[in-house]
Structures are given as structure tokens and as C-alpha cells.
Amino acid sequence: MSTASVEALVDGLQAIVGPAHVSTTPPDRVAYARDLWPRSQLDRLAGEPPRLPTAIAWPADTAQVAEVVALCRATRTPIVPFGAGSGVCGGTLPVRRGLVLDLKRLRRVRRLAAEDGVIEVEAGHNGERLERWLAHRGLTLGHFPSSILCSTVGGWVAARSAGQCSSRYGKIEDMVVDLEVVTGDGQVRRTPRVDAGGFDWNGVFVGSEGTLGVITSATLKVHPEPRARAFRGWQVPDIQAGLTVMRRAMQAGLRPAVLRLYDPLDTLMVGSDGDKKAGGGPLHTLKQGLLGQGSGGGALRWILSHPRLGNGAVNLLPAPCLLVTVSEGEPGEARATDDALAAFAREVGAKDLGEGPGRAWLAHRYDVSYKQSGIYRKGAFVDTFEVATTWDKVAALYAAVREAAGRHVLVMAHFSHAYPGGCSIYFTFAGAAPDASAMRDRYDAAWQAGLDTALGAGAAIAHHHGVGLSRRSHMGPAHGDARRWFDALKATLDPDGIMNPGKVFGEAP
Amino acid sequence: MSWTSVDDPQLGVCQRADAGARLVEPLDAAGLAQLLGEYRGAFTPTVGPPPDPGGRDRVWVDLSPFSGVGPVTDGALAVQAGGAATWGAVEGHLAAEGLTLGPVPGALWDEPLYVTLARGARRRPSPRFGELLDNLLAVKAALPGGGLTRSAVTPRRATGPDLARGLLGAGHRAGIPVSVHLQAWPRSPVTAWRAVGFAGWAEALHGGVAALHGGARPAWWRFAAQGDRVVCLAGFAGEAGLARFDEAMGGHPLDPGLARALGDEVFGPGVAAHPLGAAWSGPVSEAIGRAEVGSEIWDLRPEGVTVLGAATGPDPGWASLADAALGVLEGGP
Amino acid sequence: MSALEVHRKAILNCSFCPKLCRFACPVAEAEARETVTPWGLMVLVDDVRRGRRPVDSDAAEAWAHCTGCGRCTQVCKHDNPVFEVLKTARSLAVAAGVAPQAPQAWSLAPLAVAPGEPGGPVQVLVGRAAPEVIADTLAVLEAAGHHPLGPPALPLPPGWRRGAEVGAPLALPAGAFEGAHTLITLDAADAAALKQHPAARRAKVLHWVQAVEGRLPEPTAPVLSGDALYLDSCRLGRGLGVYDAPRRLLAALLGGQVREAIMHREEGGCCGAEAGYAALDHSGPGRVAQDAVADAPDLPVVIADPTCAAHLAPHTGRRVYPLARLLARALVARAPHPEKHLEEPVP
């Protein structure tokens, strides 16, 4: 944009949201130039200057959002809706520059109707704060993504988020009753309740990542806080046995809050008691390094620079895996669920490890994100890659992704987010290379291998992290001509193509 | 573009066309997609000969090639069915394998899947098995203007907007489903029935919500006014919280045979259609005021309820927006 | 090695972190601005450390958006000392002459020593409290058996606290605190700063609540008839670990119950008054104050630190009472309708 255009845009924005709520200062533009996509971290390590947004605006309410969208339509300014920037796929990167629209001033609880089981909350509300607000009233959303400390309601909806207790409470799309959206044409719209029948507009906006409009509030289901929890850890003979327990539980109609199966390396990382303290053993150094413990990163970098060796060593680990279960609800249901899970586990020869692993999981449920810093600090990288598929393909997909990505990075995984038809595989991969450029090459190669493998196996190429930029290349092959349907929606709702351009499916052909 | 005879090149993808090419039967999904891509007029899908062919301005597409059911994927229990298969055919196929879709409302038994999907019908009164569309794992559809959608068979949509859902509830204009994957469930050998009477709608619905919060998951249930009381009839498959249902539902226990009879009446083949399409949906607190003598409530959830017989049409604003998007998809302005 | 290099580990931990302390930071929540999250501030520091940006007025302005409440460090699994790093960064801004005016002026108010005997064994450092709050606190201290009263004593010079909050220490006058075995402050932030100051090394430093707890007579009647919301001052709670004493003192003054904010005690936030933040020409400090009481019921608010009370009252529109005022009323007033005396807001 020309200087004059920028000035005109800023003047217009200031007239709408007030001068204090528009910024073009360098620190603000730098802070909004990236989200938490690890690829951006590598770019930063390489000293590559980020693509800065032209401006940032902080609207106070839906009406201001609508005015801003109208202004941006008139000036053909791209808009990137922004929650808390916790996304890990580059979904909020301002690739066409333009305006970053930070929604965190929209943080009111508009309505709590506990007797009707719903809350309407604005998009910018922080997740952890919302959950505490509800807990104070004896309620819960049941939505506990790892990012809950640093993400917003709008971000959850936009990126099709899933929480750690999704097997009981569902993914965010299962929680949405209706949405308020400012579509790219500047109209404020409230979606019809999905149970009204007909076209499912909630399903259209959930996961749209700001490409069709700005989600400004969401009506979500709320539940009574569980009065009881039953924790359990099981040592299952191998991955397949653990998957069998998960599958049978879900197909029997159980609704455990957590079913979490760790592969052998992840089991080693977690520890059989579920507590992530470093122990002994041949992979001690690796474990310590990946947990961000210990000083110096030489050994860690060496191991991660030789992923075939590392993954080969992992293949020698004992097959038994840790399965963590948490059952909750009213005391009767929690107990009945736990008993039924125990029966399924015993049928596959699992060994009962008691409450410890489940309790440890709860106590450390968000800790894994803290490990990331330690690994980067030591000159290596780490990322996660989640896919989903049906039960018949889970084990094969796990092996195939490990094989393909394992040529480039060290791979471990856990299996979670179980449904009657299948589950998610949550891969964690870590790598290292001699310099920043080689690190990026290795990172990109791992992702490419993972996506190609998932696509080839007929799996979903994601589960809950979204598309952003990291999966965009594979969206066309994954959805075929359905992309035309997206383009039709986009042309209708965002006729000028200003909403988060370049994301999800990329630009229209 | 229009056709004059079966020898037209566009019809090479058909295994059958009637003399005037007003009724065509595509060879396969790719053929259907090509037909939709090359013919710019409106199609009306049908299965077999249309009951009323209408005038020469109508073109019927016979979806009979997409009537098959099976196989069922091991482990995942995902059953594949052609878009023209009926719910009853799917359920019959599954029954032979010891599986079920869960309760299929009698009104849908003979309805092809593509019709149900085009209507966006999603309700069934089943806390245990969820709504019909909760069990939709994948849809493959031929789009207007040509092309086939593709989506992985997955337990949940995972990337971007749910484009499969965008095909639903939009009539046949958004596309014609040629293949559907549905979640099947192990058929439970254990069944149980409950009937409970309440003094009024508020007591009944609050009791139902409390039962759900308590962990009860009836395979189906129905609330209806009978005389001066409201009766909840429920059927259970497997354990699914029967004890917790009993614990949470106050009221007065009635003869469970009532529920058994209703289950036989409403679900499965050979029963009268139920007005599934005419309904009001909203919060429980509002439903209590709307439900009257003669009302029925099938779909009770903590966050909302559907009252049958209190129809509200689709929101006109959203309907026109859907029309606009469909116009773009069809290649219109 | 630059002054920042000693903090390399902390800086990298933050700048590669997915902002896991975001929910806890009162400033980030109130301002809704990524730049002022601990992550954003530390990324700026890292850019300076790596030589990718200068220490300029833009960076200095951003670094001023922290109250030093320590909540981020508390929730961080790395115990990352964000405020310690920011103090170093702020000192670089001060040295470069680019610090925003407000932080340069911050802590410039003298920390007056209460009327008392110069060089006496117990000295009360009254800080920036309003005269009536000072009088109330001294009365409470006296009732608790501390007798420092006497002629005025030596004030500490302007800027004395900078050492604690900017990282640019100022020397205290020779002989400050000489002979004192106990130093009592009205604000916990002053106590924390004094504890770090060499001049106070030989004295026991107490917040006034610590000095009076368990030493006051039981009130004969409630000072407030109903419930009241107690807010933790971040410096008193997280800083000094004092949570129960003020609650016990308050409970004895109420006809009702001590009520709590959703996040309280160890999880309590901050009112926005400290570390120079309140002196910024910005709406953030006011919004932090509003957030501190936003989730709480509409009740009288009580807080132990007078600086916090003075900041909360105008921004929140609530009735805000310094705890010392209520205690003083309980000691001296035996009025039939005591709350009538307390309707006026804190100045």
C-alpha cells in the first residue's frame, strides 16, 4: 500500500475504533507478524524478516468489526482475524499484509443460561479465564485444548479445535449452538441453530479460519462440572491392544473424558507412572533433552541430526505402552465407565497401574508445551502433526508416518480423541541440522512426508490444529472438487476476497 | 446445452437414456459428474422411473446405480452405501452382520439417503447413537457444473469448513451424493424399556435433562402429553446408563410395555410416517411454554429441544444466502 | 557480553514459548495486545539482544507495560524471571535516554519516614499513601504495640526504588536506617524493595499487616455490616507470601463474609498500580484495575496496600477501603452505625 493509502486506512480505522486502538508501531507489527507456527520460529532463527501487517486494530464490539470490514472492503485491504495467536499452522500470518484485526477486546460473556445449557461468549475471551469463570458457577465447557492458557473462543471455532476431553464433550463443532459472524461482505449474521434443520451454517464457519468472515461470538453448550472422576493407567501389551480398548469403549457407547495411548517412545517420555521426570536407560539423554532438562544441547542435536539412528533405537524399545483413562461425570457414571474400561483392558491383557498415571496426566496436562522452548533453546526444533482416521487404518497409518517422516526427524506419537469410528494420532517430531537453512529443509521434508503419507492412506490430514499455511498444499488433493463449493461460499460471503487471503485452500484459481 | 438422443456424445457416460433423453441413468459417479457438468439445466434425481415425468423441460437422473450397500469396514464399523440406498436397506444389511445404525425413524425407512441428506434431516431421538448426521463419516457427491467431492472417511471433519455439511440441507442443487459412509454400531442383545409419567412439561423436560447430565443415554426416547400428564417413553440398548436414568427421572413409573410398543411402532419398517420435518427447535426453557397437549418431543438435549408439530421455516436471510452460494456453484452469476 | 546476555536462557525460554502465561498476565489481558504479553516483551528484548533492533523509544514504551506482579513467573514451569529481565531492559532504555517519561519519573516520590525518632529502633516508611491512610496505619501500629511516634525523620530521596524496579540503583543517604532493627512499610512493594537494598540489610523489614497481625484487640462491632471482597496485593501475596493475615484481620471487621475474586490468593492478579505502569499515559492501568474486580460481586473492596487502594478506587467506581482504615475505625469508633462513617471513597 502507498503511504497515502496507509494513512487513509489508519484514519478510517481510528474513526471507527478510536485512535488508541489502532497501531502501526514497529513493536506491534512485529508481534502480530507471526503466530506459533514452528516454521515461523525457524524463520526467525534464520534471521529472516517477517512479513509485517500494515496495521493492527482492536475493535470493541461487533458493530465496530462490521464497520472495519466495510472499510476494508472499500479499500481492498486484506483482513486477518486474530485471537491470541496460539495457532501452530500459520493461520494468522499476514501473507498479503493488510490489517490484523485483534478480537480480544470482544471478551464479554453475553449470556449464561445454565438452565438451557448454553453460554454466549464473545470471540476474544481467553479460554482458561472462561473455564475458571464457569467453574466458579459449577459449570464447564469441557473444552480443554493444550492451548487453553493462550487461546480464545473465536480461535477455537475458527480453527476447528479439539480439547483433551473430546471423547466425552466432543470437538468444538459439537459444542457450537450458533455463531455471530461478520461476513466478508460486512454483514452481521447469526447462524441458525443447527437443530433447526436445513443448511448447516455452523459447519461452514467452524474451521473456516477467518476466510469467510470474522466470528464475533459463539453460543456454546455448557455442562455441570463433573462431581466425580476416576483415574486409571494401564500397561497394554502393545499399540494394537491399546487401540482395541479405545475402540471397544467408544463403540460400546461409553463416554470417557480421556483415552490416551502413548507409543513406546512417548511412554518412555511420560514414564510408566505418568510423571514426566527423567529416568535412566539407554535413551536417557534423548529423554532429558526432549524434556528440556539438562544443560547444553550437543548430545540432543547429534541424536536429532541422525533420525534414522534415533528411530531405529526407538524400535528396540519394549512394546508395552501406557494407556491413560479418565472417567468423569456423576459418581455413578464415572464409576460405571471406569469399570467398563477396566473390563475391556483386562481382555487384552493390560496391567492395571492404578490411579497414578491418570492423576499425573491431569496435573501435567499442559506441561508439554513448555518443553518446546528448551528444545529450540538447544538449537533443535520440535513440532506436532495430528491426523485422524478410522480404526481399521490407525495402526498402519501410524507406522507409515513414522517410517516416512522418520527419515528426517525423530517421531513419537500418542493416540487420543477417540470416537466410535476412529481416533486421532498426535505425532510429535523433533529434529536438528547444522544450520538454520538446513533446519528448515529438514522441517519441511518431515511435514511433506507426513502429509503425503496421511493423504495416501486416505486419512484426514489434520484433526484439530487447522490448515493455515502448513497444510494448504494438500487441501486440494484432500477434498477434490469440493473446493469449488468452498469457492462458491467464499464468493458469496466474501465477494472481494479480503478475508484472510491465502489460507485454507489458498487463493481461488 | 440439451440433448436430443442417446447417441449424443454427452450421453456416452450413460448406460441408459430414454428416447428423448429426459431420463438418463449414468454409468458411475464419474459419469454422473460429467452429466452434471455438461448439462446446464436442472436435474431431478430419482430412483427408477419418475412417478410423474412432467414436461419436456425436466431431465430426470436415475440414481439406481448408486443403490448398493456395503461393505462394512472392519474395526471402524463404517458402512458404505450408495446415495440411492434406503435407510431400511442399510439397516437390513447391517442387521445381518450384527450391527445397527441405531433407531431409524419409520418415516425414513424407505427414503433414499440422498433425499434425506438433501433435506438436511438430522433428527432422531437418540441420545445413545446421536443424530443421523452425527454418524455421517464421509460423503462423495457429484457437483452441479461437474466434478466430484472427495473426503477422507474419518471420525470427524478435520480441515477447513465442513464441506460435506455444505451439501446437506440444500436440496439437490448443491450436489448429488453418490456414496455415503455411515457409522454403524454393535447391535446390543440387551434391551430395556421405561415409561415414566410427569405432572407437566417442565417436570418432564427437567427430569430428562437431569438424566442426561447423570449419564443416561437412552437408545431412543419420546416425551408426549397424554391426558393431564406428560409421559416419557424410553428404550435402552445395552447398559447405557439405565440405572442412572432410573435415578434421575422422578415422576411415576408406568408400564414399560408402553415404551416397547412405541418402539415397535415408530422405528423400523412398515410404519406410518412421522412428521419429522415439521418442528420448532430452541432452548428447553422456551420449549416448556410451547409444548402443549398434542405436542411431542423427541430430541431433548440439555442445550436444546425439538418440539414436533410446531413448524418454523428456514430463516429467509440464510436461505437466500444459500441460494446465492448455490448459484455460484452452479456457474451462475 | 551485553547486559541482556546474562538472561539469555530466560529470554529464549520466553520467546520460543507458546505464550502459556498469557491468561495470567493482567496487563496482557487488559490491553488485549500481543506486544505486551510477557512473550511479546521478551521477543522485543531478544531482538535487542541479537542486535536486530535498537533500544529505542518504541521498545522502551512497550517494556513499560508491566506491573512486575510476578504472575507470569509464578505460572511458568521454567520459573522464568520476566520482570528481572525487563528491569535490565528498562535500565538500558534509561541509559539510552529513551524511556517514556512516566517510568523515568516513577518512584521519584520520596519514601517519607513516618514521624518518629530519627535512628529509632522501629521506623515506619509511609511511601506514597494519602495522609489520612498514613494516620490510620500509624494508629493501628500503635494499637499493636509499635511506638515509633515522634518528630519527623529523614525521607528517602526521590527515585530510591529504581534499584528494585528499573535496575538503576540510587544510593541512599549515609546513615539511613542506622540503628533501626525493624522497618515497617505501608506498601508491600516498598518492603520488597527495601529487602533488596543494602542500606536495609541489618533491619527486619515488615509490611504493616505483618507487624500488627495477632496484636490487635478484637473489634467490638462490625465496621462493615455485610460481605466485602478482599483483593490480594500482588506484592503482599506473591511477593511476601502474606495471604491469611489480612483476611483474618478483615474477617473480624465484617458483619458478613470475606468474599474472593475468581482468581485469588496465589492466583491473584494485580491492580495495575506498581512498577511505573500506573504512571503511563495510557488506558491500560485503569483497565487492569477494572479487571481486578470485574468478576467479583458488587461489594465493598478491601485491600491492604494503600497504593493499590488509591489506584483501584477511581478506576473501578467501587467503594474501596484500605484495610488500615477499617482497622482504625474499629479501634477508635464505637458508633451505632459504623458503616455510615465509611461511605466516602478513598481519596
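Scroll up to find the structure.
Not measured: the values here are computed from a predicted model. (Residues numbered from 1 in each chain as written. Chains lettered and ligands numbered in written order. Predicted model: local features only at pLDDT ≥ 70, side-chain atom pairs only at ≥ 80, totals over all residues. Heavy atoms only, no water.)

## Examining the overall build of chain A
Check the secondary structure of chain A and you find 21 helices and 18 strands. Split into buried and exposed, the 509 residues of chain A put 67% on the buried side. When contacts within chain A are restricted to residue pairs at least 6 apart in sequence, long-range pairs at least 24 apart make up 75% of them. Counting only carbon and sulfur atoms, one obtains 52% of the accessible surface of chain A, whose full area is about 15,400 Å². (Helix = DSSP H or I, 4+ residues; strand = E, 2+ residues; numbered from the N terminus. Buried < 20%, exposed > 50% of the residue type's maximum accessible area, 1.4 Å probe, protein only. Contact = heavy atoms within 4.5 Å. Areas by Shrake-Rupley, 256 points an atom, 1.4 Å probe, with all protein chains shown as cover.)

## Remarks on the overall build of chain C
Helix and strand counts for chain C stand at 16 helices and eight strands. The buried share of chain C, reckoned over its 347 residues, is 60%. Sequence separation of at least 24 residues holds for 71% of the intrachain contacts in chain C that already meet a minimum separation of 6. Within the structure as shown, chain C displays about 12,800 Å² of accessible surface, and the carbon and sulfur contribution to it stands at 53%.

## Re the side chain of C:D47
As for its position among the elements, C:D47 is in helix α3 (residues 38-49). Residue C:D47 is classed as buried on the basis of its relative accessible area, which comes to 9%. Once you skip the residues sitting within four places of it in the chain, C:D47 turns out to touch A:V30, A:R44, C:R52 and C:R53.

## What about the interface of chain A and chain C?
Taken together, the contact between chain A and chain C spans 39 residues of the former and 40 residues of the latter. Interface area for chain A against chain C, summed over the two sides, is near 3,800 Å², with a carbon-plus-sulfur share of 56%. When residues of chain A are sorted by the area they lose upon contact with chain C, A:R44, A:Y370 and A:R377 head the list and together hold 21% of the total. A salt bridge links A:K104 to C:E34; the shortest N-O distance between them is 2.4 Å. Inspection of the chain A/chain C interface yields 20 residue pairs in polar contact (both at pLDDT 80 or more). Elements represented by at least two residues in the side of chain A that touches chain C include exactly α2 (26-31), α3 (38-45), α5 (127-135) and α17 (368-377) of chain A. It is α17(A) that provides the largest number of residues to the side of chain A that touches chain C, a total of seven residues. Its residues assigned to classes, the side of chain A that touches chain C shows 15 nonpolar, 11 polar and 13 charged. (Buried area = accessible area lost by both parts, 1.4 Å probe. Salt bridge = Lys/Arg side-chain N within 4 Å of Asp/Glu carboxyl O. Polar contact = N/O pair within 3.5 Å; in protein donor to acceptor, adjacent residues only side chain to side chain. Nonpolar A, V, L, I, M, F, W, Y, C, P; charged D, E, K, R; others polar.)

## Here we look at the interface of chain A and chain B
Each partner contributes to the interface: chain A provides 76 residues, whereas chain B provides 64 residues. Buried surface at the junction of chain A and chain B, both sides included, amounts to about 5,500 Å², of which 60% is carbon and sulfur. Here chain A is connected to chain B by one salt bridge. For the side of chain A that touches chain B, the element with the highest residue contribution is helix α21 (residues 482-493) of chain A, accounting for 10 residues. Of the residues contributing to the side of chain A that touches chain B, the split by class is 36 nonpolar, 21 polar and 19 charged.

## So, the packing of aromatic side chains
Tallying each qualifying case throughout the model produces 15 aromatic pairs over all chains. Pairing B:W221 with B:F223 gives two aromatic rings, centres 5.0 Å apart and planes at 65 degrees, and the pair type is edge-to-face. The pair formed by B:W221 and B:F223 is uniform in burial state, with each residue classed as buried. Taken together, the ring pairs in this structure connect A:F381, A:F385, A:Y398, A:F415, A:F427, A:F429, A:Y443 and A:W447 into an aromatic cluster. Stacked on the ring of B:F129, the Lys or Arg B:R128 has its end atom at 4.5 Å from the ring centre. One Lys or Arg, C:K19, reaches over the ring of C:W39 and ends 4.3 Å from the middle of that ring. (Phe/Tyr/Trp six-rings, centres within 6.5 Å; stacked < 30°, edge-to-face > 60°. Lys NZ or Arg CZ within 6 Å of the ring centre and 35° of its normal.)

## Here we look at the pairing of strand β11 (residues 191-198) of chain B
In regular strands, side chains alternate between the two faces of the sheet. All names here are of chain B. Of all eight residues in β11, six are buried, a share of seventy percent or more. Bridge count between β11 and strand β14 (residues 252-253): two bridges; the pairing is antiparallel. Bridge assignment links V196 to a residue of β14, and that residue is P253. (Pairing = 2+ DSSP bridges.)

## Quick word on the environment of B:L167
The topology assignment puts B:L167 in the loop between α4 (163-166) and β9 (176-183). Separated by 49 residues in sequence, B:L167 and B:A118 have C-alpha atoms that sit 7.3 Å apart. Excluding residues within four positions of it along the chain, B:L167 makes contact with A:W485, B:L117, B:V139, B:A141, B:L143, B:T149, B:A174 and B:G175.

## Examining the sheet that holds strand β17 (residues 410-416) of chain A
Residue and element names in this part refer to chain A. Strand order in this open sheet of seven strands is β15-β12-β14-β13-β17-β18-β16, and the pairing throughout is antiparallel. This sheet does not close on itself; its edge strands, each paired only once, are β15 (351-354) and β16 (381-390). Direction aside, neighbouring strands of the sheet carry axes that sit 25 degrees apart on average. Pairing of β17 with strand β18 (residues 422-431), which is carried by seven bridges, proceeds in the antiparallel orientation. When the sheet's bridge partners are listed, H414 is paired in β18 with Y426. Along the sheet face, helix α15 (residues 331-347) touches β12 (228-236), β13 (258-262), β14 (321-329) and β15 and points at about 155 degrees away from the line of β14. (Axes fitted to C-alpha atoms, helices over the stretch in contact; angles between N-to-C directions.)

## Comments concerning the sheet that holds strand β8 (residues 136-142) of chain B
Adjacent strands of a sheet form backbone hydrogen bonds with each other and so pair up, either parallel or antiparallel. Residues and elements named next belong to chain B. Ordered in space as β5-β6-β9-β8, the four strands form an open sheet in which the pairing is antiparallel. Where the open sheet ends on each side, the last strands, each with one partner, are β5 (69-72) and β8. Strand-to-strand twist across the sheet, computed as the mean angle between neighbouring axes with direction ignored, equals 20 degrees. In terms of strand pairing, β5 meets strand β6 (residues 78-82) through two bridges, oriented antiparallel. When the sheet's bridge partners are listed, V72 is paired in β6 with V79. Along the sheet face, helix α2 (residues 87-96) touches β5, β6 and β9 and points at about 35 degrees away from the line of β5.

## Description of the environment of C:V205
Residues and elements named next belong to chain C. Following the sequence through the fold, V205 ends up in strand β4 (residues 204-207). Owing to a relative accessible area of 9%, V205 belongs among the buried residues under this scheme. A sequence separation of 14 residues divides V205 from A191, and the C-alpha atoms of the two residues are 6.2 Å apart. Not counting chain neighbours up to four residues away, the residues in contact with V205 comprise L183, A191, L194 and K195.

## Side note on the pattern of salt bridges
Tallied over the full model, the rule gives 63 salt bridges over all chains. Measuring nitrogen to oxygen at the nearest pair gives 3.7 Å for the salt bridge that ties C:E29 to A:R129. Linking C:E29 in helix α2 (residues 26-31) with A:R129 in helix α5, this pair reaches from one chain into another. Given a relative accessible area of 10%, C:E29 falls into the buried group. A:R129 gets classed as buried once you look at its relative accessible area, which sits at 18%. The residue A:E333 makes a salt bridge to A:R255 at a minimum N-O spacing of 3.5 Å.

## Concerning the nonpolar core
The biggest cluster of nonpolar side chains holds 193 residues, and the ones touching the most others in it are A:W201, A:L220, A:L290 and A:F415. Take this core: its biggest share by element is seven residues, from helix α10 (residues 239-251) of chain A. Not counting residues within four places of it along the chain, the set of residues in contact with A:L290 comprises A:M269, A:L300, A:L304, A:K371, A:I375, A:L410, A:M412 and A:A430. Counting residues in hydrophobic clusters, the runner-up holds 50 residues, among them C:V133, C:A144, C:V212 and C:L250. (Core = buried A, V, L, I, M, F, W, Y, C linked by side-chain atoms within 4.5 Å.)

## Some remarks on unusual backbone geometry
With an omega of 5 degrees, the peptide bond running from B:G70 to B:P71 counts as cis. Take B:P71: it is sitting in strand β5. For A:E209, which is not a glycine, the phi torsion comes out positive at approximately 55 degrees. If you trace the backbone, A:E209 turns up in the loop between α9 (201-205) and β10 (213-221). Given the relative accessible area of 9%, A:E209 is considered buried. Non-glycine residue A:N500 carries a positive phi angle of around 40 degrees. As for its position among the elements, A:N500 is in the segment after α21.

## Structural notes on the state of the cysteines
Residue and element names in this part refer to chain C. Applying the stated criterion to the full structure yields zero disulfides over all chains. In this model C69 remains outside any disulfide bridge; the closest cysteine sulfur is found in C270, 4.8 Å from its own. Of the residues examined, C69 reaches a relative accessible area of 9% and is grouped as buried. Cysteine C270 is unpaired, with the sulfur of C234 as its nearest cysteine sulfur at 3.8 Å. (Disulfide = S-S within 2.5 Å.)

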